[in-house]
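Analysis of the macromolecular model
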Amino acid sequence: MHAFHDRPNPAGFEFWCEDLPLSRIADEVGTPAYVYSTATLAHHYQSFVQAFAPREVSVAYAVKANGSLAVLATLARLGAGADTVSEGEIRRALAAGVPASRIVFSGVGKTDAELAFALNAGVREINIESEPELHRLAAIAAAKGRRPTVALRINPDVGAGGHAKITTGSDDNKFGISSAETLRLYAEACSHPQFDVAGLACHIGSQITDLAPLRTAFAAMADLVARIRAEGLPVRRLDLGGGLGVAYGDGPEPPSPADYARVVLETVGGLGVELAFEPGRLIAANAGVLLARVIQVHARPGGRRFLVLDAAMNDLLRPALYDAHHAIRPLHRRLEGAPERLYDVVGPVCETGDTFARARLLPELAAGDLVALLTAGAYGASMSSEYNSRPLVPEVLVRGAEYAVTRPRPSYEEMLGRERMAPWLGRS
Ligand SMILES: *Cc1c(COP(=O)(O)O)cnc(C)c1O
């Protein structure tokens, strides 16, 4: 479900977000711009939680999917926690009103400074991802006189995910502690007076559209819990990560949260542990669109027709990075229907990879027309950059018929003003 939809107008149809025509935001805020729907964020968070009812679960939304303070605050008010992978993300979550008691700190390379920051903040749980990290955290906690709650992040050696670059759960990538080492390291963690060991965590990949690898991974986690308990050690919490995929308009339909919850409860539901999750994409992806305007249409000899947008790969990297598909729709459609054309939809950046879609069938478009790239709420703005000295795209949050610009587009002065000249180069 999402709250982006067509509404009729005298000329045809217009694309809206909740109770606002998106063209109004494009005209007032300018393009490109990210637009997020409050109702859609809330729907996804609540339907995930309700999929487990009457069982209570804790959901730490993965900040890296979309770290907008307004998005985080929207979710925090519904009761969401935050899964974070850097000090910056912990600070973001705190600034948005997520209490430290609902913040999980994950990540394969946490620095000493970041671990110390998390200890001082008093986060809910630190997920230890390797043996050296266990030793570093123990030393830092001892020096600070802190006793953090920790979990071991296990790599259950199950590959999953929509693309090789987003698979995290197999032995040949960098994430987590192998099953073979788990017992020894769990016992070691429990022996540290410095640690309150809550249990185990895993996260096997992202954009997972098949429940089979999740079932295998969760069953492996259940098996580890049994083996740890057989050693007389306690396990009270399982954090099963994020990873559930969404529909991008190509590829398979992802399982519903209800189907996912059934697999969770069948595999680990009987262990008598607290269940925690870290969904990111599932909550934010289709709660956001990227608005763009057509700069020009450019026909090449040989017949290819390029639709050049004012949005580019620096604003939405997923197509260039993962060959990801995003549905594209014009904000206005004429009643009688425009003829359709095949377009290569590209941005203005000087890279061939700056291509949103190849040979995409769209209603005929002209310079100045507005389009929306759908399902851009996760790993969109959060992965954006200023490549080609393009200022970061503004972010807008819609609620009903109102909207707020939650991150204004920086001016060129602000963008350049962040830099300093080297003293030997004089003043610029
Ligand atoms: C990225 C990440 C998530 C969120 O993944 P989604 O596919 O967006 O649900 C959760 N946990 C960890 C540890 C992650 O790195």
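Residues numbered from 1 in each chain as written. Predicted model: local features only at pLDDT ≥ 70, side-chain atom pairs only at ≥ 80, totals over all residues. Heavy atoms only, no water.

Entries for the chain in the domain assignment read domain 1 (4-37 + 285-417) and domain 2 (106-279). Centre-to-centre separation of domain 1 and domain 2, based on C-alpha positions: 36 Å. Of the roughly 790 Å² buried at the junction of domain 1 and domain 2 (both faces included), carbon and sulfur atoms supply 58%. Three residues stand out in domain 1 for area buried against domain 2, namely Tyr-322, His-325 and Thr-375, and they jointly supply 57% of the buried area on that side. There are 1 residue pair in polar contact (both at pLDDT 80 or more) connecting domain 1 and domain 2. Here the residues of the side of domain 1 that touches domain 2 are counted per class, giving 5 nonpolar, 3 polar and 2 charged. (Domains from an automatic or database assignment. Buried area = accessible area lost by both parts, 1.4 Å probe. Polar contact = N/O pair within 3.5 Å; in protein donor to acceptor, adjacent residues only side chain to side chain. Nonpolar A, V, L, I, M, F, W, Y, C, P; charged D, E, K, R; others polar.)

With that settled, consider a nonpolar patch on the surface. Together, Met-421, Trp-424 and Leu-425 line one region of the surface with nonpolar side chains, adding up to about 410 Å² of accessible area. Tracing the backbone shows Met-421 in the segment after α12 (412-417). Residue classification places Met-421 among the partly exposed residues on the basis of a relative accessible area of 43%. (Patch = residues over 30% accessible without salt bridge, like charges linked within 9 Å, V, L, I, M, F, W, Y side chains within 5 Å. Areas by Shrake-Rupley, 256 points an atom, 1.4 Å probe, with all protein chains shown as cover. Salt bridge = Lys/Arg side-chain N within 4 Å of Asp/Glu carboxyl O. Helix = DSSP H or I, 4+ residues; strand = E, 2+ residues; numbered from the N terminus. Buried < 20%, exposed > 50% of the residue type's maximum accessible area, 1.4 Å probe, protein only.)

In this structure, Leu-200, Phe-218, Leu-238 and Tyr-260 are the most contacted members of the largest nonpolar core, which totals 103 residues. Sort the elements by how many residues they give to this core and helix α8 (residues 211-230) lands first, with 9 residues. The residues contacting Phe-218, other than those within four sequence positions of it, are Cys-202, Leu-240, Tyr-260, Val-263, Val-264, Thr-267 and Val-268. Counting residues in each nonpolar core, the second largest holds 18 residues, with Cys-17, Val-29, Leu-374 and Val-396 among its members. (Core = buried A, V, L, I, M, F, W, Y, C linked by side-chain atoms within 4.5 Å. Contact = heavy atoms within 4.5 Å.)

Looking along a regular strand, one sees side chains alternate from face to face of the sheet. Most of strand β11 (residues 196-201) is tucked away: 6 of the 6 residues are buried. In this structure, strand β9 (residues 149-155) lies alongside β11, joined through 5 bridges in parallel fashion. The partner of Arg-153 across the bridge, within β11, is Ala-201. Note that the unit made of β11, α8 and strand β12 (residues 237-239) has a crossover that is right-handed. (Pairing = 2+ DSSP bridges. Right-handed = clockwise from strand over helix to strand, strands pointing away.)

This part is about the site of the ligand. If you check the shell around the ligand, you find 14 residues, and the closest are Lys-64, Ser-206, Glu-278, Arg-281 and Tyr-379. Between Glu-278 and the ligand, the recorded distance is 2.5 Å, taken from a side-chain N or O atom to a nitrogen atom. Contact between the ligand and Arg-281: an oxygen atom at 2.8 Å from a main-chain N or O atom of the residue. Computed on the free molecule, the ligand has an accessible area of 390 Å², of which 94% lies beneath the protein chains in the complex. (Near = heavy atom within 4 Å.)

The tally for this structure, following the rule as stated, stands at 9 aromatic pairs. When the ring of Phe-48 is compared with that of Tyr-260, the centres are 5.8 Å apart and the planes differ by 40°; the resulting orientation is tilted. Within this pair, whereas Phe-48 is found in helix α2 (residues 38-50), its partner Tyr-260 is found in helix α9 (residues 257-268), the two being separated by 212 residues in sequence. By relative accessible area, Phe-48 is classed as buried at 1%. A relative accessible area of 1% places Tyr-260 in the buried class. Cluster of aromatic residues (ring-pair linked, three or more members): Phe-48, Phe-52, Phe-218, Tyr-260 and Phe-277. Here Lys-110 stacks its cationic end above the ring of Phe-105, 5.7 Å away from the centre of that ring. A cation over a ring is seen here: Arg-329 above Phe-15, with NZ or CZ 4.3 Å from the ring centre. (Phe/Tyr/Trp six-rings, centres within 6.5 Å; stacked < 30°, edge-to-face > 60°. Lys NZ or Arg CZ within 6 Å of the ring centre and 35° of its normal.)

Attention now goes to the side chain of Thr-375. On the secondary structure map, Thr-375 appears in the loop between β20 (370-373) and β21 (395-399). For Thr-375, a relative accessible area of 9% translates into the label buried. Beyond its immediate stretch of four places on either side in the chain, Thr-375 contacts Val-246, Ala-247, Tyr-248, Ala-285, Asn-286, Gly-288 and His-326.

Now for the pattern of salt bridges. For the coordinates displayed, the defined rule picks out 24 salt bridges. Note that Asp-6 and Arg-333 form a salt bridge whose closest N and O atoms lie 2.6 Å from each other. You can see Asp-6 sitting in strand β1 (residues 4-9) and its partner Arg-333 sitting in strand β17 (residues 332-334), a full 327 residues away along the chain. Its relative accessible area of 27% is what places Asp-6 among the partly exposed residues. Owing to a relative accessible area of 34%, Arg-333 belongs among the partly exposed residues under this scheme. Across the salt bridge formed by Glu-402 and Arg-399, the nearest N and O atoms sit 2.6 Å from each other. Under the relative-accessibility criterion, Glu-402 is labelled partly exposed at 42%. Taken together, the shared-partner salt bridges in this structure form one network comprising Arg-124, Glu-125, Arg-237 and Glu-274.

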